[in-house]
Amino acid sequence: LIKALEPQSPGSQTFIMWPLFGIRALLVVTVTLSPVTAVAWSGNDATGEDAYPPLWDRAPENLMDFPVKDSKIVINAWNYQDRLGVYKSLLNASAKYFSAFGSQNSGNILWGLPLQHGWQFRTGRLADHSGATSCGYENGELLCLSVRSWWSCMNYYLAIIPFLGAVEAGLFGELPYEIEILSPEEQKDDFCYSVKDCWSRIPKLMDDWKAFFEYLLSTEHKALSSASFSSFKLDDALGLMWKAHTTSIAYALPKFQDSLKYLSGPEANFGEDWASAVDFIAATHFSTDFPTTNNFQAFLPQRMLVEGDVIPFISDFSPEQNKVLVAMRALHRANKLTGGLLLKLWQKAMSTEEGRKKGRELIESLASSQEL
């Protein structure tokens, strides 16, 4: 473990020991499920317009707000506003199922997807980092999502694939037109563009997302005599959603490995650490509703990492943001060092509702505690 946590650059030797207490605590929880005391989050409450993804009010509200051409609803998945509209359509169509979990659809667990996308856009992670085009930049095509962006390509599998799974499940009812997703100018074979196309190429991913939406839809029949659609168990819904989420990342991660070369070393490491951390978070059935996701994202880096950034000593990051970066790095490296054993132990510990509750408390305390 010590070797896995060696600093990236000379002069930061204290980084070796800094996170050990937190990792030791994590291992203790993994093996023994010792009680964890949740610490109040120190992030500001997510309120106001800043809590929503950028340009949220301009995104299409539903599928019929997208252009129709040749009897097809045409969605440009490489335009930020269109991809945001896909999320907005999902949230609006599924709102009734989450009415019991918060007012104004705030309890909808699909909020995690557009809020993550908004964070990526706000921090410049969806732009062309190869320098070949102005895609994604204010002095160029601001709303363009670059196919050369690792983050943008990974997000495709957490936006378009869930959406098409929802279409197939019947979330939007009987649509008058087929759905057509426009392809990028490059790397066309790395993506699929319709329900039929995706089913033929990535059936496992489509099946997992369809299963989640079918679970929501199944509750409608159980609640016909009630004004509420809360007859499903939130923990079960989160389990299905996180299963589909991690399957999407696991599929996309090796596919876009080459895109990491366009990022700085620290940012590329962070991207891989982020992908690894999702597996640990998913095992806890962490809630991805509106307030919880916003609070959690306050601890993510609010700009891209650049050469020279050394965690946990990035001066323009908050102490909590530095701590979260350390925790993600430590988890990823420790899991690799153990050949994936750490994640397996963690998943076993999270196999009960009580275990998942303690896991969620630990995740929350990692960012807000005074030390890791």
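These numbers come from a predicted model, not from an experiment.

**Some points on the sheet that holds strand β3 (residues 178-181)**
Spatially, 3 strands are ordered β1-β2-β3 in an open sheet, and the strand pairing comes out mixed. This sheet does not close on itself; its edge strands, each paired only once, are β1 (68-69) and β3. Sheet topology places β1 next to strand β2 (residues 72-75); 2 bridges connect them, and they run antiparallel. Bridge pairing in β2 links Lys69 to Lys72. Contacts between helix α6 (residues 160-169) and the sheet are confined to β2 and β3, with β3 contributing the most and set at about 170 degrees to the helix.

**With respect to the state of the cysteines**
With the rule as written, the count across this model stands at 2 disulfides. Bridging Cys135 to Cys144, the disulfide has an S-S length of 1.8 Å. Residues Cys135 and Cys144 share a disulfide whose torsion about the S-S bond is about -90 degrees; that sign makes it left-handed. By relative accessible area, which is 5% here, Cys135 ends up buried.

**Considerations on the environment of Lys243**
Along the chain, Lys243 turns up in helix α9 (residues 234-255). A C-alpha to C-alpha distance of 8.5 Å links Lys243 and Trp209, two positions 34 residues apart in sequence. Discounting chain neighbours no more than four positions away, the residues touching Lys243 are Lys204 and Asp208.

**Side note on helix α12 (residues 319-337)**
Here α12 contains 19 residues, and its C-alpha end-to-end distance of 27 Å stays within 8% of the 27 Å for a straight helix at 1.5 Å per residue. Burial runs high along α12: 15 of the 19 residues are buried. Looking one or two residues beyond α12, the residue adopting positive phi is Gly339, at roughly 65 degrees.

**So, the pairing of β3**
Here β3 shows one buried face, formed by Ile179 and Ile181, and one open face, formed by Glu178 and Glu180. Two elements, β2 and β3, share 4 bridges in a ladder whose sense is parallel. Following the sheet pairing, Lys72 is matched in β3 by Glu178.

**As for the environment of Asn322**
Among the structural elements, Asn322 can be located in helix α12. Asn322 sits in the buried class, given a relative accessible area of 4%. In this structure the C-alpha to C-alpha distance between Asn322 and Pro312, which are 10 residues apart in sequence, comes to 4.8 Å. Apart from residues lying up to four places away in sequence, Asn322 is in contact with Ile311, Pro312, Phe313, Ile314 and Phe317.

**Here's the deal with the packing of helix α3 (residues 80-94) against helix α4 (residues 112-122)**
Contact pair α3 / α4: the axes reach a minimum separation of 9 Å and the direction vectors enclose 160 degrees. Regarding the angle of α3 to α4, the classification is roughly antiparallel. The handedness of the crossing between α3 and α4 is left-handed. Across the interface between the two elements, Tyr80, Arg83, Leu84, Tyr87 and Leu91 from α3 touch Leu113, Pro114, His117, Gly118 and Phe121 from α4.

**Thoughts on the pattern of salt bridges**
Under the criterion given, the structure shown has 14 salt bridges. Taking the shortest distance from any N to any O, the salt bridge between Asp190 and Lys255 comes out at 4.0 Å. Placement of Asp190 in the loop between β3 and α7 (195-201) and of Lys255 in helix α9 is noted, with a sequence separation of 65 residues between them. Since its relative accessible area comes to 29%, Lys255 is described here as partly exposed.

**Here we look at unusual backbone geometry**
Cis geometry marks the peptide bond from Ile311 to Pro312; its omega dihedral reads 5 degrees. The topology assignment puts Pro312 in the loop between α11 (290-297) and α12. Non-glycine residue Asp70 carries a positive phi angle of around 50 degrees. As for its position among the elements, Asp70 is in the loop between β1 and β2. Relative accessible area serves as the criterion here: at 66%, Asp70 is assigned to the exposed category.

Calculation rules
- Positions within a chain are numbered from 1, following the residues in the order the chain's sequence is written.
- In keeping with the predicted nature of the model, local features appear solely for residues at pLDDT of at least 70, side-chain atom pairs appear and are counted solely at 80 or more, and the whole-chain, interface and lining totals rest on all residues.
- The side-chain numbers reported here are obtained from all heavy atoms of the structure, hydrogens and water having been left aside.
- At least two DSSP bridges between two strands are required for those strands to pair.
- Secondary structure elements follow DSSP: runs of H or I no shorter than four residues count as helices, runs of E no shorter than two count as strands, and numbering proceeds from the N terminus.
- Residue contacts are counted whenever heavy atoms from the two residues lie within 4.5 Å of one another.
- Between N-to-C directions, angles cover 0 to 180 degrees, with each direction set by a line fitted to C-alpha atoms, over the stretch in contact for helices.
- Disulfide: a pair of cysteine sulfur atoms within 2.5 Å of each other.
- Note on exposure labels: buried denotes an accessible area under 20% of the residue type's maximum, exposed denotes more than 50%, and partly exposed covers the range between, all computed with a 1.4 Å probe on protein chains only.
- Helix span is expected to be 1.5 Å times the residue number reduced by one.
- Small angles under 35 degrees read as roughly parallel and large ones over 145 as roughly antiparallel, with 65 to 115 read as roughly perpendicular and the rest as oblique.
- Here a crossing is taken to be left-handed if its near helix is turned anticlockwise relative to the far helix by less than a right angle, and right-handed if that turn runs clockwise.
- The working definition used for a salt bridge is a side-chain nitrogen of Lys or Arg within 4 Å of a carboxyl oxygen of Asp or Glu.

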